[in-house]
Amino acid sequence: MRYDAGLREATPVADANPHTMNTRPDQCTPPVRRESPGARMLAELGGMSPAYFGMVMATGIVSLAAHFLAMPRVAHALFQLNIVVYAALCMLTVLRMIFHTRRFFGDMLDHLRGPGFFTTVAATGVLGSQFIVLTAGYDTGTVLWGVAVLLWIALTYTIFTGFTVKERKPTLDKGINGAWLLAVVATQSIAALGALLATHVDQPGKLEMNFLALSMWLWGGMLYIWMMSLIFYRYTFFELAPGDLTPPYWINMGAMAISTLSGSLLIINVSDAPFLTSLLPFIKGFTVFYWATGSWWIPMLLALALWRHVYKRFPMKYDPLYWGAVFPLGMYAVGTDRMIEAMGFDFLGFLPPVFLYIALAAWTAAFTGFVLDLLRRIRALGSDRPGR
């Protein structure tokens, strides 16, 4: 017993090293290894929204609206900014694909996030239109048109084939929203850019480019009818929570606005393609149809926004999806302006300036939110450095 007692007493001081005798167990654990800011940034990149190219779409169309409505300094300033943003987002998208491959392609097959990838197509098309309209950069515009076409083919048949064959699918109320109409916007952006390029190529290129633009314009209209039927059905026959009413629902109107733009450009191009002459009444009728449908959505979307943020008190904070609400406002200004030129509807001349100023205000609010969010993330990375 005495031996056992002595052993129990000796155990705590078995190590006679003076440097470890008074060290507590919690002081012996190795220090927590902190990730570098670069590693953390790469980790956060996994959560990047596939729809972030909506920022390029919004900035580009507001720039074009400013150009058509005699604000050249604003137009060119936003154009220069858009080039930088587009390049940065391309780099970040490639990094996300490399370092978060599974999540990147998983998002592509997600019913809610997958359609956001179509912003890459639309952004490329809008930037190409900026190069042509603002700088007469037809070579760059042609390259961007080719990139947009390749992206459109790859994304269209990857995403919709994936949605079709996947085994587990969400119900309609959980699997569809306004972002699906980005597929329409992407299609019409190729039609619009193609129509702009068609005026500056030789025959038979004019015929071919106008035919392709016409085909994409028609397909985009058919796609809108399909998707809008499902979205409206979801609106009216399923419970709609404030959180469900995401900003991309404004694409309901934006898809029709860009369809109006594409139709108006085809009308302007009639002299370059004789087959458009025989279709002119049809093109004019559907262009007005698209414009009227987009116009109908504006009061509806405003009422739903008031219900969401005022009646239901849903908080408004920065989200990259808000760029999807800025784009339709700018596109409505541009589409209406081009329709006035193509069809002589001068009595509508008051609308483009009004919507340009609304779009500029919305763009400023979204860009301010983006800058504040970016600064917050930078501060968070800095505060986690060793020694702080």
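Predicted model only: the values in this text are computed from it and were never measured. (Residues numbered from 1 in each chain as written. Predicted model: local features only at pLDDT ≥ 70, side-chain atom pairs only at ≥ 80, totals over all residues. Heavy atoms only, no water.)

**Brief notes about the overall build of the protein**
- Of the regular secondary structure elements, the protein holds 15 helices and 0 strands.
- By the burial criterion, 48% of the 388 residues in the protein qualify as buried.
- Of the roughly 19,800 Å² of accessible surface on the protein, 67% is carried by carbon and sulfur atoms. (Helix = DSSP H or I, 4+ residues; strand = E, 2+ residues; numbered from the N terminus. Buried < 20%, exposed > 50% of the residue type's maximum accessible area, 1.4 Å probe, protein only. Areas by Shrake-Rupley, 256 points an atom, 1.4 Å probe, with all protein chains shown as cover.)

**A look at unusual backbone geometry**
- The peptide bond linking Gln203 to Pro204 adopts the cis configuration, its omega dihedral lying at 5°.
- Summarising the element assignment, Pro204 is placed in the loop between α9 (182–198) and α10 (205–237).
- At Ala136, a residue that is not glycine, the phi angle is positive and equals roughly 55°.
- Checked against the element boundaries, Ala136 lands in the loop between α6 (118–135) and α7 (138–165).
- Residue classification places Ala136 among the partly exposed residues on the basis of a relative accessible area of 43%.

**Digging into the nonpolar core**
- Core analysis: the biggest nonpolar cluster contains 114 residues, and Leu181, Met253, Trp323 and Phe327 have the highest contact counts within it.
- Excluding its chain neighbours within four sequence positions, the residues that come into contact with Phe327 are Met57, Ala58, Ile61, Val126, Val185, Ile251 and Ile258. (Core = buried A, V, L, I, M, F, W, Y, C linked by side-chain atoms within 4.5 Å. Contact = heavy atoms within 4.5 Å.)

**Section: the side chain of Thr260**
- Mapping Thr260 onto the fold places it in helix α11 (residues 251–268).
- Taking relative accessible area as the criterion, Thr260 reaches 1% and is therefore assigned buried.
- Setting aside chain neighbours within four positions, we find Thr260 in contact with Thr287, Tyr290, Trp291, Gly335 and Met339.

**Side note on the side chain of Lys206**
- Mapping Lys206 onto the fold places it in helix α10.
- Buried charge without a partner: Lys206 forms no salt bridge, and the closest opposite charge is Asp272, 4.2 Å away.
- There is a polar contact of 3.1 Å between the side chain of Lys206 and the backbone oxygen of Thr199.
- Here Lys206 is in contact with Ala198, Thr199, His200, Val201 and Asp272, once residues within four sequence places are set aside. (Lys, Arg positive; Asp, Glu negative; His and termini not counted. Salt bridge = Lys/Arg side-chain N within 4 Å of Asp/Glu carboxyl O. Polar contact = N/O pair within 3.5 Å; in protein donor to acceptor, adjacent residues only side chain to side chain.)

**Let's talk about a nonpolar patch on the surface**
- Taken together, the side chains of Val94, Met97, Ile98, Phe99 and Phe105 present a nonpolar region at the surface, about 460 Å² in accessible area.
- With 4 residues, helix α4 (residues 72–99) is the largest single contributor of residues to the nonpolar patch. (Patch = residues over 30% accessible without salt bridge, like charges linked within 9 Å, V, L, I, M, F, W, Y side chains within 5 Å.)

**Here's the deal with the environment of Leu134**
- As for its placement among the helices and strands, Leu134 is situated in helix α6.
- Ignoring anything within four residues of it in the chain, the contact list for Leu134 reads Ser63, His67, Ala75, His76 and Phe79.

**Points about the environment of Ala148**
- With respect to the helices and strands, Ala148 occurs in helix α7.
- By relative accessible area, which is 0% here, Ala148 ends up buried.
- Considering only alpha carbons, one finds Ala148 and Val121, 27 residues apart in sequence, at a separation of 5.0 Å.

**Notes on α4**
- Relative to the 40 Å expected for 28 residues at 1.5 Å per residue, α4 spans 40 Å between its end C-alpha atoms, a close match to the ideal helical length.
- Along α4, the residues that are buried comprise Ala75, Leu78, Phe79, Asn82, Val85, Tyr86, Leu89, Thr93 and Arg96. (Expected span 1.5 Å × (residues − 1).)

**Some words on the pattern of salt bridges**
- With the rule as written, the count across this model stands at 7 salt bridges.
- As a salt-bridge pair, Arg113 and Asp107 come within 3.1 Å of each other at their nearest N and O atoms.
- Overall, Arg113 belongs to the partly exposed group, its relative accessible area being 30%.
- With a relative accessible area of 8%, Asp107 lands in the buried category.
- Its salt-bridge partner being Arg376, residue Asp373 comes within 2.8 Å of it at the nearest N-O pair. Note that Asp373 and Arg376 are positioned in helix α15 (residues 351–383) at a spacing of 3 residues, about one turn of the helix.
- Given the relative accessible area of 15%, Asp373 is considered buried.
- Residue classification places Arg376 among the partly exposed positions, given a relative accessible area of 44%.
- In the salt-bridge network here, residues are joined through shared partners; they are Arg96, Asp107 and Arg113.

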